[in-house]
Amino acid sequence: MESYIYFSYLSATVAYSLLLLFACIKKNRHFPFIVAVFCSLIWSASVIIATKNSHFFFADTLTYETIRNAAWFFQVSALLSKQRHNNYKQIFKSKISVIAILFIASVLIIETFPNSLALIRDTLDVDPRFASHVIFAVFGLILVEQLYRSTPLKQRWNLKFLCISLGTLFAVDLLVYSKSLLFNTLDFALWQSRGVINALMTPFLAITSSRLKLNSDNAELTTPRKTIFYTTILFGCGIYLILMSFAGFYIKNANAEWGEAAQTLFIFLAILLLITPFTSGKIRALIKVYFSKHFFHYSYDYREEWLKISKALAKLESLEELKGFIITTLTELVESAGGGLWLKNDQGHFFLAAEQNLKLTPQEIEYLRNIDELPLYLANKQWVIDFFELAHAPEVYDDIDLSPWCYEDSQVWLIVPLFHLNRLEAFVVLTQARVPRKLDWEDHDLLKTVGMQLANALALNKASEELANNRQFETYHRLSAYLVHDLKNLVAQISLIVRNAEKHKHNPDFFDDTIDTLNNVVKKMHHIVDQLKQGETNARATTFVNLVELVSDIAQQHIGTPAIQLTIDIDDCVITADKIKLSNILTNLLQNAQDATTGKEGWVKLELTKNHDYAVIKIIDNGTGMDQQFIAERLFKPFDTTKGNAGMGIGAYEARDYILKQAGHIRVDSQTGQGTTFMIQLPLANKLL
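Computed from a predicted model, the values in this text were never measured in an experiment.

Chemist: Give me the lowdown on the sheet that holds strand β7 (residues 564–568), citing residues and values where you can.
Modeler: Taken together, five strands build an open sheet; the order of strands is β7-β9-β10-β12-β11 and the sheet is mixed. Both edges of this open sheet fall to β7 and β11 (665–671), since each of them pairs with a single strand only. Put simply, the sheet's adjacent strands are angled 15° from each other on average, direction ignored. Of the strand pairs in this sheet, strand β10 (residues 614–621) and strand β12 (residues 675–683) are connected by eight bridges, and their pairing is antiparallel. Bridge assignment links lysine 618 to a residue of β12, and that residue is methionine 679. Docked against the sheet, helix α21 (residues 579–596) engages β7, β9 (604–611), β10 and β12, running at close to 25° with respect to β10.

Put into structure tokens, the structure is as follows:
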């Protein structure tokens, strides 16, 4: 045992010696840090002496440990004072510092003079040194926690390892001395390992010694409400542990036979009693209200509330999640037991969209569903309806009848409106709070502010849904436009047959051409029906297409004025494409060329050639032509036409869209009054393979 203690604290002594040397040879020496390391070195050395000197007991080292704790308290307090006041001397002007100094001095007197120690032990039947060191450990953890939480984020890098090291040191001390206090004897099993733990801390402290550069001019030390809240909880837990240790010790000594069993049972109940407040929503609400009233000038940290809600909103993925989040957020803000969300539908009526622990009667919910007066009142007044206020100042709500909810056991407490751009988007009904209280102006302001934030989220979600619906309608309209355009071309072909039937009906060649044209129309109409069944335009079969045959068939079947002049300079030209789609595109371009050509001297040419790995189709006319601005801005713009009601405005757009998807190219050359040339290039099948 003594050998392990010796080497354990020897490692700490060597480590602290090296750390002290490192801290002294640095250019930027930090005096409080050097003092704390030196006191730690003296403490660990005193333990080594105690293991080798029979006249020096382990209990005598507690005096040096108290001095070590005081040095580290001074180090942390100095950093806090440096941040707050840019002056170390301010540390001695604090009332807490004075109390701490007096307490440390009292402990040193007790530990140094055996007579005073014996007097207290005989009076209280407990060792006051263990209780004092439990208090030291709790106080040290409080200082470390305050220093870390109060340090601005950009400076925490400087103090991170110091807080880790000292937090570990005081946490181990709390464990050692709380157990020692409970059993009224030093716990050597834990105590002997502290030397190794201190030795392992020194590398972190060495890193800290080179980072202790805090600039109070650039960042003011703040005391956020979380710091005070958690510090007070930590302090309360420490006091609670001390009191329970005293009580457990006396229970053990009260009955020698059942003392240990009673002590074990008491410790279990004490821990259970400590855990209970942390799991009770009502107790947390009471604590929050108490702190808001007595510790803060403002009841809420508005910045933190806003950031917390914004981060949570960013994680939501559906309207259902948002509904539940709205209720949860508002209930937690005022510690309400539950609530319900009423949303506005397309007709402007409000309906219950979500609820959490909403304890309203069916009559109350039905009244909310049918009343139109409440939304109008909320929209006009734009304030939170508080039924606690209604009970004490009913004249404030003379403009509305709230009597259906004004009875003794009514659960309705607040009605919170959610506004977006001064429009009432929803409202939330909150049930009675876990801890009844009166809302002040800060509560109302926070509810309004958070309500606007939540209403914006609702409006954004609604806009996203409308955008998704619009995209679906856009897809539907686009499909309809393509189909109508294809039908228009088919109707144009049949119309030409009807117009020329009286004149050429006795001509056998006209009859054969009519049959071929009608057969082609039937095939295209079957294709349109298949498209409607599939519901989309992209589900087309891609096959090998011989352009020589396709172009020849189009020129032969296409009836119009002027006639198509076909030129094919190649014998074979195979591509992969949707034959019907490509046929419709070429037919439409030819029809446009004929429409743009007037007079007896007008002509339209259809040419097919090859250019390296591409098939080249040209549609040339000497019609009215187009200017460059029209080609650049309007030619390929969907639903933009110069034909009035006669055109759909998607022929050129559809042609370019399909050709580009086929890895092809389309080019337009035109001049006003001189004609137009459409040149289409499509990759040959051998290139794709």
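Chemist: Break down empty space enclosed by the protein for me, with residues and values.
Modeler: Counting across every chain of the model gives three cavities of 30 Å³ or more. Its volume calculated, the largest cavity comes out at about 50 Å³. Looking at the largest cavity, the residues that line it are Gln493, Asn520, Lys524, Ile554, Gln557, His558, Ser583 and Thr587. For the lining of the largest cavity, the elements supplying multiple residues, two or more each, are α19 (508–534), α20 (547–557) and α21. Along the lines of polarity and charge, the residues of the lining of the largest cavity split into one nonpolar, six polar and one charged.

Chemist: Before we move on, could you go through a negative patch on the surface and cite the residues and values that matter?
Modeler: Together, Asp509, Asp512, Asp513, Asp516, Glu549, Asp553, Asp571 and Asp572 make up a negatively charged patch on the protein surface. Contributing elements (two or more residues each) for the negative patch: α19 and α20. By residue number, the principal contributor to the negative patch is α19, which donates four residues. Mapping aspartate 571 onto the fold places it in the loop between β7 and β8 (574–577).

Chemist: Explain the packing of aromatic side chains residue by residue, including any values.
Modeler: Going through the model one piece at a time under the given rule, you end up with 14 aromatic pairs. Summarising the aromatic geometry, the rings of tyrosine 6 and phenylalanine 7 are spaced 5.2 Å apart at their centres and angled 80° between planes, so their arrangement reads as edge-to-face. Classification of tyrosine 6 as partly exposed rests on a relative accessible area of 22%. Judged by centre distance (5.1 Å) and plane angle (90°), the ring pair of phenylalanine 73 and phenylalanine 139 falls under edge-to-face. Of this pair, phenylalanine 73 sits in helix α3 (residues 62–85) while phenylalanine 139 sits in helix α6 (residues 128–150), and the two are 66 residues apart along the sequence. Taking the relative accessible area as the measure of exposure, phenylalanine 73 reaches 5% and is therefore buried. One aromatic cluster is present, formed by Phe73, Phe103, Phe136, Phe139 and Phe170 through successive ring pairs. In this structure, arginine 68 packs its charged tip against the face of tryptophan 43, placed 4.5 Å from the ring centre. The ring of tryptophan 603 carries the charged tip of lysine 605 above its face, separated from the ring centre by 4.5 Å.

Chemist: Give a description of the sheet that holds strand β3 (residues 385–386) that names residues and reports values.
Modeler: Pairing within the open sheet is antiparallel, and its five strands lie in the order β2-β1-β5-β4-β3. Edge strands, defined here as strands with exactly one partner in the open sheet, are β2 (350–356) and β3. As defined by bridge partners, strand β1 (residues 339–344) adjoins β2 across six bridges and the pair is classed as antiparallel. Of the residues in β2, the one forming a bridge with leucine 343 is phenylalanine 351.

Chemist: Can you tell me about the packing of α20 against α21, naming the residues and giving the values?
Modeler: Running from N to C, α20 and α21 cross one another at 45°; their axes reach a closest spacing of 11 Å. In terms of axis orientation, α20 runs oblique to α21. In this structure, α20 meets α21 at a crossing whose hand is right-handed. In this structure, α20 uses Leu547, Leu550 and Ile554 to contact α21, whose residues at the interface are Lys579, Leu582, Ser583, Leu586, Thr587 and Leu590. Along the lines of polarity and charge, the residues of the contact of α20 with α21 split into six nonpolar, two polar and one charged.

About the cut-offs
Residues numbered from 1 in each chain as written. Predicted model: local features only at pLDDT ≥ 70, side-chain atom pairs only at ≥ 80, totals over all residues. Heavy atoms only, no water. Pairing = 2+ DSSP bridges. Helix = DSSP H or I, 4+ residues; strand = E, 2+ residues; numbered from the N terminus. Axes fitted to C-alpha atoms, helices over the stretch in contact; angles between N-to-C directions. Contact = heavy atoms within 4.5 Å. 1 Å grid on protein atoms, 1.4 Å probe; cavity = no way out; pocket = protein on both sides within 12 Å on 5 of 7 lines; lining within 4 Å. Points joined across faces, edges and corners; volume = space filled by probe spheres on them. Nonpolar A, V, L, I, M, F, W, Y, C, P; charged D, E, K, R; others polar. Patch = residues over 30% accessible without salt bridge, like charges linked within 9 Å, V, L, I, M, F, W, Y side chains within 5 Å. Areas by Shrake-Rupley, 256 points an atom, 1.4 Å probe, with all protein chains shown as cover. Salt bridge = Lys/Arg side-chain N within 4 Å of Asp/Glu carboxyl O. Lys, Arg positive; Asp, Glu negative; His and termini not counted. Charge placed at Lys NZ, Arg CZ, Asp CG, Glu CD. Phe/Tyr/Trp six-rings, centres within 6.5 Å; stacked < 30°, edge-to-face > 60°. Buried < 20%, exposed > 50% of the residue type's maximum accessible area, 1.4 Å probe, protein only. Lys NZ or Arg CZ within 6 Å of the ring centre and 35° of its normal. Parallel < 35°, antiparallel > 145°, perpendicular 65-115°, else oblique. Left-handed = near helix turned anticlockwise from the far one by under 90°.

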